[in-house]
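# Coordinates in review
Spelled out, the chains give:
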Amino acid sequence: MLVPLPLKAIADKHGVLSPELALGYRAVGIAREEYDALDDVRAMVCNTTPARFAFDALLGSGNVSVHDFGQHAYTFCHTSTGSVLRLKTRAGVLLLPAWCRSVEDRFLRSRSSEDFAVAAYQAVVSEMVARVLTAPADQVFLARRYRCRPVGEYPDVLCRFARCERCEAWTRLNRLYDVEGFLLCAACAEIDPSWFATAARSDAADTIR
Ligand SMILES: [Zn+2]
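What counts and what doesn't
Residues numbered from 1 in each chain as written. Predicted model: local features only at pLDDT ≥ 70, side-chain atom pairs only at ≥ 80, totals over all residues. Helix = DSSP H or I, 4+ residues; strand = E, 2+ residues; numbered from the N terminus. Buried ≥ 20, exposed ≤ 12 C-beta atoms within 10 Å, placed from the backbone. Contact = placed C-beta atoms within 7 Å. Pairing = 2+ DSSP bridges. Axes fitted to C-alpha atoms, helices over the stretch in contact; angles between N-to-C directions. Core = buried A, V, L, I, M, F, W, Y, C linked by C-beta atoms within 7 Å. Domains from an automatic or database assignment. Expected span 1.5 Å × (residues − 1). Arc of directions from axis to C-beta. Parallel < 35°, antiparallel > 145°, perpendicular 65-115°, else oblique. Left-handed = near helix turned anticlockwise from the far one by under 90°. Nonpolar A, V, L, I, M, F, W, Y, C, P; charged D, E, K, R; others polar.

### Focus: the overall build of the protein chain
Helix and strand counts for the protein chain stand at eight helices and ten strands. For the protein chain, buried positions account for 33% of its 209 residues. A separation of at least 24 residues holds for 57% of the contacts in the protein chain among residues at least 6 apart in sequence.

Encoded structure:
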């Protein structure tokens, strides 16, 4: 298949064009369209798959945080407007047929497998990469959009702690975020505190569970 040149360059650098890398590349492309450009855009990668290589290459590693939440999910924030785009990969997008998984297992165990099986496996993976790159965005990701801003910026705040309105953890105000009118901790807001300078200055141990 024809692969976009920037993606090919990233794959060449890291050795392989995997579906996860393609997914990261596609996610950043959707964010670029959403915000017209990637200026002031920061991102959180919720897994440690090769998707992060695309994020580092396209956004700059200083604008990307990687957390091993075991989710094929990606959150972008346009920091000057607080506009957040959350992309969660749809179930099934990265699902290999059972026979492919057994080829994978055999290959990992013995470092060898029948050539025809490996060729068929590679064809399935290539098809998966093509689908990730070319299917309509809403068939690849579930998208959620919301506005987010640090509560600590409100001038009339007197008390230092409040409960997150989703998980109910007592949280320091400068670690709470206004998400569409709800006060949420960073985890429930699905954002990275470092995106917001006010929150970034506060210390790390300020959530009471
Ligand atoms: Zn919470």
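### Comments concerning the sheet that holds strand β4 (residues 83–89)
Strand order in the open sheet made by the seven strands is β2-β1-β3-β4-β5-β8-β9, with mixed pairing throughout. A single partner strand is all that each edge strand has here, and the edge strands are β2 (64–66) and β9 (182–185). Along the sheet, successive strands turn relative to each other by an average axial angle of 30°, direction set aside. Here strand β5 (residues 141–150) runs beside strand β8 (residues 176–179); their pairing, made up of three bridges, is antiparallel. Following the sheet pairing, Pro150 is matched in β8 by Tyr177. Strand contacts of helix α2 (residues 19–35): β1 (41–45), β3 (73–78), β4 and β5, with the helix running at about 150° to β4, the strand carrying the most contacts.

### Here we look at the nonpolar core
Core analysis: the largest hydrophobic core is formed by 48 residues, its most contacted members being Leu21, Ala22, Ala54 and Tyr177. Among the elements that line this core, the one with the most residues is α2, at seven residues. Per-domain counts for this core show at least three residues from each of domain 1 (1–148) and domain 2 (151–209). The contacts of Tyr177, once residues within four sequence positions are left out, are Cys148, Arg149, Pro150, Val151, Leu184, Ala186, Ala189 and Ile191.

### Examining the environment of Pro97
Tracing the chain through its elements places Pro97 in the loop between β4 and α4 (98–110). Expressed as a C-alpha distance, the spacing of Pro97 and Val124, which sit 27 residues apart in the sequence, is 8.7 Å.

### Some details on helix α5 (residues 115–134)
The end-to-end C-alpha distance of α5 is 28 Å, a good match for the 28 Å that 20 residues give at a rise of 1.5 Å each. Taken together, the buried positions of α5 are Tyr121, Met128, Val129, Val132 and Leu133. For α5, the angular spread of buried residues about the axis comes to 130°, placing them on one side. More than 90 degrees from the buried face of α5, the exposed residues found are Phe116, Ala119, Ala123 and Glu127. Residues of α5 that are buried sit in contact with α2, α4 and α6 (137–140).

### Re the packing of α4 against α5
Put simply, α4 and α5 touch, their axes get as near as 10 Å, and they point 125° apart. As the angle between them shows, α4 and α5 are arranged oblique. The handedness of the crossing between α4 and α5 is left-handed. From α4, Cys100, Val103 and Phe107 reach across to α5, where they touch Ala117, Val118, Tyr121 and Val124. Residues that form the contact of α4 with α5 fall into these classes: seven nonpolar, no polar and no charged.

### Digging into the pairing of β9
Direction of pairing for β8 relative to β9: antiparallel, over a ladder of four bridges. Note that in β9 the partner of Asp178 across the bridge is Leu183. Following β8, the chain reverses through two residues before pairing antiparallel with β9; Glu180 in that reversal takes a positive phi of roughly 50°.

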